[in-house]
Structure formats: C-alpha cells, structure tokens
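Take a look at the letters that make up each chain.
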Amino acid sequence: MSAARRPVALITGAGSGIGRAAARMFHERNFMLVLVGRTAEKLAETSRAIGAEDALVVTGDIADREFPHACIDRSVERFGRLDVLVNNAGVAPLATIPHTDEATLDACFRVNTFGPALLIARAWPTFVRQRSGCVVNVSTIGTSDPFAGFFAYAASKSALDSFTRSIAREGRSAGITAYSVNPGAVETPLLRQNFDEAMLPRSKTIPADDVARIIVGCACGERPEDNGRTILLPSGR
C-alpha cells in the first residue's frame, strides 16, 4: 500500500507507556504515525524502537493553546488526511481535596481536557471531508470509581467521557466514531511518579500493551458496539 493510501493515526503522549505501545501496534497495522509529546528524545526513541522512521514527530505541550491546532495542521499537511486521533497525553498530580489549588486544577484541565477538546475540534473538518474518522480518548476508571487523591484528575478526565458521547452522536452522519478507554492503574512512568512498587505492586497493575490493544481495536473498527461508550479496564487494587 502506498504512503498516500495508508491510514494516519495521531497519538499524543507517544513518548512512553500506553502511547508508545499504541504507536507500535498501529505501525504493525501499516498506519502512518504522528507522534506527539513534550520531549523530542522520547519521541525519537519511540520512532526508533518501533521501526517507524517515516513517522511525523511533533514536539510541544498540549497545554499550550496554539499547539493542538498545529498538531492537526501539520499532520494533514504532511499526509493529506487524518484517520485516528488518540488523546492519550495526561497529567495526574496527586492531591487530596483540601490540597487542591488553582495550579493543580489548571494543570489537569489544560492537559487532560482543553488540549483534547482543541484537537478534536481542529480535526473535525478533516473527518467530515473524509466522511470518516475515529477519536479514542484515554480516560480513567477513576471517573466512575474515584481514587483518593485524584479529585482534579478524575474530574478533568470525566470530560473525555462526555466528549466521546458527543462525538458519537454529532458525528454519526459523517461516519465519525469515538471511544473512551478507562483503565485502572496502568504500569507506566506516569503511574510510578505517584506510586512506587511498595505502594502498588506490578501484580496489581495493567500492562500498557493491554490498553493499547483496545485502543487500536477501537480505531480499526473491531468494537463497533462500544462506539460512544466507555470501556472499563479495572486493575487489581
């Protein structure tokens, strides 16, 4: 299949964890990739590790208001299309309710809510023009079963579940689908920023590959019954 005809997936937070695993699996299915993240070295490492030398690497912070638009614009300019948007980037500062301040709220909502919303809105005209497109939002099981200390994080991710329902409803006539993948504790560097293995052993976490496999399955049309829904992946706690 020529590059012009290969489907294109944009993955935020592609430098490690779920994002890197998803990138590898999309590449195995012959997708062109747009790897988005804050650290160029990590994105380059992802590209090398999965053998995707033709990937477009876009470095920046999804919290910056202009950056989401630039991601979509550069993707469409490079490949002429965009088939899948994976909103995987996230921040999860650990703060109990009385210790939640404006800075914590701002950090969570800029990255976990506003950035994905801007990406979706910018990608929408391309999806409509193509009469197809898929958004996979990586949320958290904490939106329905909250973890102590994730007051702001869970709330900011709850918006992704709402976005998913809205996309499925509003995009139905244009062939646009959406899914929320809501895992529990996933074995990623982000998790280990808050919890060491003495607090949360690996035996009680979900491998990043397990989450990535569901993301790719949704994007490839293997879970049509879950369009507009949240897919819960509890971990052993």
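Scope of this entry: the structure provided in the associated data block.

Rules used in this analysis
Residues numbered from 1 in each chain as written. Predicted model: local features only at pLDDT ≥ 70, side-chain atom pairs only at ≥ 80, totals over all residues. Heavy atoms only, no water. Axes fitted to C-alpha atoms, helices over the stretch in contact; angles between N-to-C directions. Helix = DSSP H or I, 4+ residues; strand = E, 2+ residues; numbered from the N terminus. Parallel < 35°, antiparallel > 145°, perpendicular 65-115°, else oblique. Left-handed = near helix turned anticlockwise from the far one by under 90°. Contact = heavy atoms within 4.5 Å. Nonpolar A, V, L, I, M, F, W, Y, C, P; charged D, E, K, R; others polar. Pairing = 2+ DSSP bridges. Salt bridge = Lys/Arg side-chain N within 4 Å of Asp/Glu carboxyl O. Phe/Tyr/Trp six-rings, centres within 6.5 Å; stacked < 30°, edge-to-face > 60°. Buried < 20%, exposed > 50% of the residue type's maximum accessible area, 1.4 Å probe, protein only. Expected span 1.5 Å × (residues − 1). Bend = angle between axes of the 7 residues up to and from the residue. Disulfide = S-S within 2.5 Å.

1. Digging into the packing of helix H4 (residues 102–130) against helix H5 (residues 151–170)
Phase 1 of the analysis: Their axes nearest at 8 Å, the elements H4 and H5 cross at an angle of 15 degrees. When the interaxial angle is binned, H4 and H5 end up roughly parallel. With respect to the hand of their crossing, H4 and H5 are arranged in right-handed fashion. Judged by residue contacts, Thr104, Leu105, Cys108, Phe109, Asn112, Thr113, Pro116, Ala117, Ile120 and Trp124 of H4 engage Ala152, Tyr153, Ala155, Ser156, Lys157, Ala159, Leu160, Phe163, Ile167 and Glu170 from H5.
Phase 2 of the analysis: When its residues are assigned to classes, the contact of H4 with H5 shows 14 nonpolar, four polar and two charged.

2. Topic: the packing of helix H1 (residues 17–28) against helix H7 (residues 208–219)
Phase 1 of the analysis: Closest axis-to-axis distance for the H1/H7 pair is 8 Å, and the angle between their directions is 50 degrees. Of the possible angle classes, the one that applies to H1 and H7 is oblique. In this structure, the crossing between H1 and H7 has a hand that is right-handed. For the pair H1 and H7, contact is made by Gly17, Ile18, Ala21, Ala22, Arg24, Met25 and Phe26 and by Ala208, Asp209, Val211, Ala212, Arg213, Ile215, Val216 and Ala219, respectively.
Phase 2 of the analysis: Looking at the contact of H1 with H7 residue by residue, the classes come out as 11 nonpolar, one polar and three charged.

3. Structural notes on the sheet that holds strand E4 (residues 84–87)
Phase 1 of the analysis: As summarised here, the arrangement of the seven strands in space is E3-E2-E1-E4-E5-E6-E9, forming an open sheet in which the pairing is parallel. Here the strands that pair on one side only, and so sit at the sheet edges, are strand E3 (56–59) and strand E9 (230–233). Shown here is a sheet whose adjacent strand axes are inclined to one another by a mean of 15 degrees, direction ignored.
Phase 2 of the analysis: Pairing of strand E5 (residues 133–138) with strand E6 (residues 176–183) involves six bridges; the strand directions are parallel. What sits directly across from Val138, in E6, is Val181.
Phase 3 of the analysis: Of the strands in this sheet, strand E1 (8–12), E4, E5 and E6 are in contact with H4, which crosses E4 at around 175 degrees.
Phase 4 of the analysis: Of the strands in this sheet, E5, E6 and E9 are in contact with H5, which crosses E6 at around 155 degrees.

4. Section: the pattern of salt bridges
Phase 1 of the analysis: In total, this model carries 10 salt bridges according to the counting rule given.
Phase 2 of the analysis: For the salt bridge of Glu45 with Arg20, the shortest nitrogen-to-oxygen distance reads 3.3 Å. Taken together, the residues span a long stretch of sequence, with Glu45 in helix H2 (residues 40–50) and Arg20 in helix H1 at a distance of 25 residues.
Phase 3 of the analysis: Here Asp83 and Arg81 are joined by a salt bridge, their closest N and O atoms 2.6 Å apart.

5. Section: the packing of aromatic side chains
Phase 1 of the analysis: This structure, assessed with the given rule, holds three aromatic pairs.
Phase 2 of the analysis: Taking 6.2 Å as the distance between ring centres and 65 degrees as the angle between the ring planes, the aromatic pair formed by Phe147 and Phe150 counts as edge-to-face. Residue Phe147 shares its accessibility class with Phe150, and that shared class is buried.
Phase 3 of the analysis: Every member of this aromatic cluster is reached through a ring pair, and the members are Phe147, Phe150 and Tyr153.

6. Structural notes on H4
Phase 1 of the analysis: Helix length check: H4, at 29 residues, gives a terminal C-alpha distance of 40 Å against a target of 42 Å (1.5 Å per residue), a fit within 8%.
Phase 2 of the analysis: Along H4, the helix axis deviates most sharply at Arg110, where the bend reaches about 40 degrees.
Phase 3 of the analysis: Positioned one or two residues after H4, Arg131 has a phi angle of 65 degrees, which is positive.

7. Focus on the state of the cysteines
Phase 1 of the analysis: Applying the stated rule across the entire model yields zero disulfides.
Phase 2 of the analysis: Not part of a disulfide, Cys218 finds its nearest cysteine sulfur in Cys134, a span of 6.8 Å.
Phase 3 of the analysis: In this structure Cys220 is a free cysteine whose sulfur lies 8.6 Å from that of Cys134, the closest cysteine sulfur available.
Phase 4 of the analysis: Classification of Cys220 as partly exposed rests on a relative accessible area of 29%.

Note that every value here comes from positions in space, so none of it alone points to a role or purpose.
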